[in-house]
Amino acid sequence: MEKTKIGVLVSGGGTNLQALIDFEKDGGLKSGKLSLVISDNPKAYALERAEKAGIKTAVICKMDFESRADFENAVINELEENGIELIILAGFMTILSANFTSRYPERIINVHPSLIPSFCGKGFYGLKVHEAALGYGVKVTGATVHFVNEIPDGGRIILQKVVEIEEGDTPEILQKRVMEQAEWKILPEAAEIVSECIMHNK
Ligand code: GAR
């Protein structure tokens, strides 16, 4: 059976992309193949990670388009030209419109650095999520991998993992712990679960 072709959308450092690359290299991604990385930021370090791993890359910047629809259409064209069957948002900082998400029902997954439904939705991304968790005073946080639909961070949950808050945590320290203990584990696992499902339904 042919493996599920995966496209990863990134904007920044790409440590979650790296976790996927390492998982594939170690043989964990049995049902999927990392086939394309698209960045909306030409300076994203994630692009270097992809190139080093021999994965095809594309840069598509919002600034270069007159509308969000034109930007999204360019992303869709790139995905289709490469036969992408599963889209992974790995630190992708653009919220996709309903026009985009409705094309790929249960074919887009996202990693979010909190236990959804806490500290999620519009405005909660990157360090802001950890600032909010520490500000609220929660004792545990974590990460969630979920399907992407028209509601920001609102799609069906695939995996979650809890991470303890520790005394002296800053948003930066907590972000690092959530990545190491949760995101880099559950994102590759979820990628395999969904890839397997798509592969068997072809
Ligand atoms: C990760 O913590 C990811 O969960 C978060 O941005 C970081 C990207 O890091 N994503 C969001 O906040 C999405 N709402 P990375 O580029 O090193 O993977």
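Residues numbered from 1 in each chain as written. Predicted model: local features only at pLDDT ≥ 70, side-chain atom pairs only at ≥ 80, totals over all residues. Heavy atoms only, no water.

(A) Summary view of the overall build of the protein chain. Scanning the protein chain from N- to C-terminus turns up six helices and seven strands. Taking 202 residues into account, the globule formula puts the C-alpha radius of gyration at 17 Å, and the protein chain, at 16 Å, falls close to it. Taken over the C-alpha atoms alone, the protein chain extends approximately 50 × 40 × 30 Å along its principal axes. For the protein chain, the proportion of its 202 residues judged to be buried stands at 50%. (Helix = DSSP H or I, 4+ residues; strand = E, 2+ residues; numbered from the N terminus. Rg over C-alpha atoms; globule rule 2.2 N^0.38 Å. Buried < 20%, exposed > 50% of the residue type's maximum accessible area, 1.4 Å probe, protein only.)

(B) Just the site of the ligand, in detail. What surrounds the ligand is a group of 14 residues, the closest being Gly14, Thr15, Asn16, Gly126 and Glu183. A distance of 3.5 Å is found between an oxygen atom of the ligand and a backbone nitrogen or oxygen belonging to glycine 13. Within the side chain of glutamate 183, an N or O atom sits 2.6 Å from an oxygen atom of the ligand. The pocket occupied by the ligand, as judged from atoms lying within 2 Å of grid points, is the largest pocket. At the level of elements, helix H1 (15–25), strand S5 (108–112) and helix H6 (171–200) are the ones that each hand at least two residues to the shell around the ligand. For the shell around the ligand, a count of residues per class yields six nonpolar, seven polar and one charged. (Near = heavy atom within 4 Å. Polar contact = N/O pair within 3.5 Å; in protein donor to acceptor, adjacent residues only side chain to side chain. 1 Å grid on protein atoms, 1.4 Å probe; cavity = no way out; pocket = protein on both sides within 12 Å on 5 of 7 lines; lining within 4 Å. Sits in = over half its atoms within 2 Å of the grid points. Nonpolar A, V, L, I, M, F, W, Y, C, P; charged D, E, K, R; others polar.)

(C) Molecular detail of a positive patch on the surface. Judged by side-chain charge, Lys3, Lys5, Lys33 and Lys56 come together as a positively charged surface patch. Note that lysine 3 resides in the segment before strand S1 (4–10). (Patch = residues over 30% accessible without salt bridge, like charges linked within 9 Å, V, L, I, M, F, W, Y side chains within 5 Å. Areas by Shrake-Rupley, 256 points an atom, 1.4 Å probe, with all protein chains shown as cover. Salt bridge = Lys/Arg side-chain N within 4 Å of Asp/Glu carboxyl O. Lys, Arg positive; Asp, Glu negative; His and termini not counted. Charge placed at Lys NZ, Arg CZ, Asp CG, Glu CD.)

(D) Layout of the pairing of S5. Burial within S5 is extensive, with five of its five residues counted as buried. Alternating positions in S5 separate into two faces, Ile108, Asn110 and His112 on one and Ile109 and Val111 on the other, with burial throughout. Note that strand S4 (residues 86–89) and S5 share three bridges and pair parallel. Among the inter-strand pairings, isoleucine 87 is bridged to a residue of S5, identified as isoleucine 108. When S5 meets strand S6 (residues 140–147), the two strands line up antiparallel, connected through four bridges. Across the sheet, valine 111 pairs through a bridge with valine 145, a residue of S6. (Pairing = 2+ DSSP bridges.)

(E) Summary view of the packing of aromatic side chains. Tallied over the full model, the rule gives three aromatic pairs. Taking the centre distance of 5.4 Å and the plane angle of 45° together, the rings of phenylalanine 100 and tyrosine 104 count as tilted. The residues phenylalanine 100 and tyrosine 104 share a single accessibility class, namely buried. (Phe/Tyr/Trp six-rings, centres within 6.5 Å; stacked < 30°, edge-to-face > 60°.)

(F) Here's a closer look at unusual backbone geometry. Of note, the bond from isoleucine 116 into proline 117 is cis; its omega dihedral lies within 30 degrees of zero at 20°. Its location among the elements puts proline 117 in the loop between S5 and helix H5 (127–136). Despite not being glycine, glutamate 106 shows a phi value in the positive range, around 55°. Within the secondary structure, glutamate 106 sits in the loop between helix H4 (98–101) and S5. Backbone geometry places phenylalanine 119, a non-glycine residue, at a positive phi of 50°. Here phenylalanine 119 lies in the loop between S5 and H5. A relative accessible area of 15% places phenylalanine 119 in the buried class.

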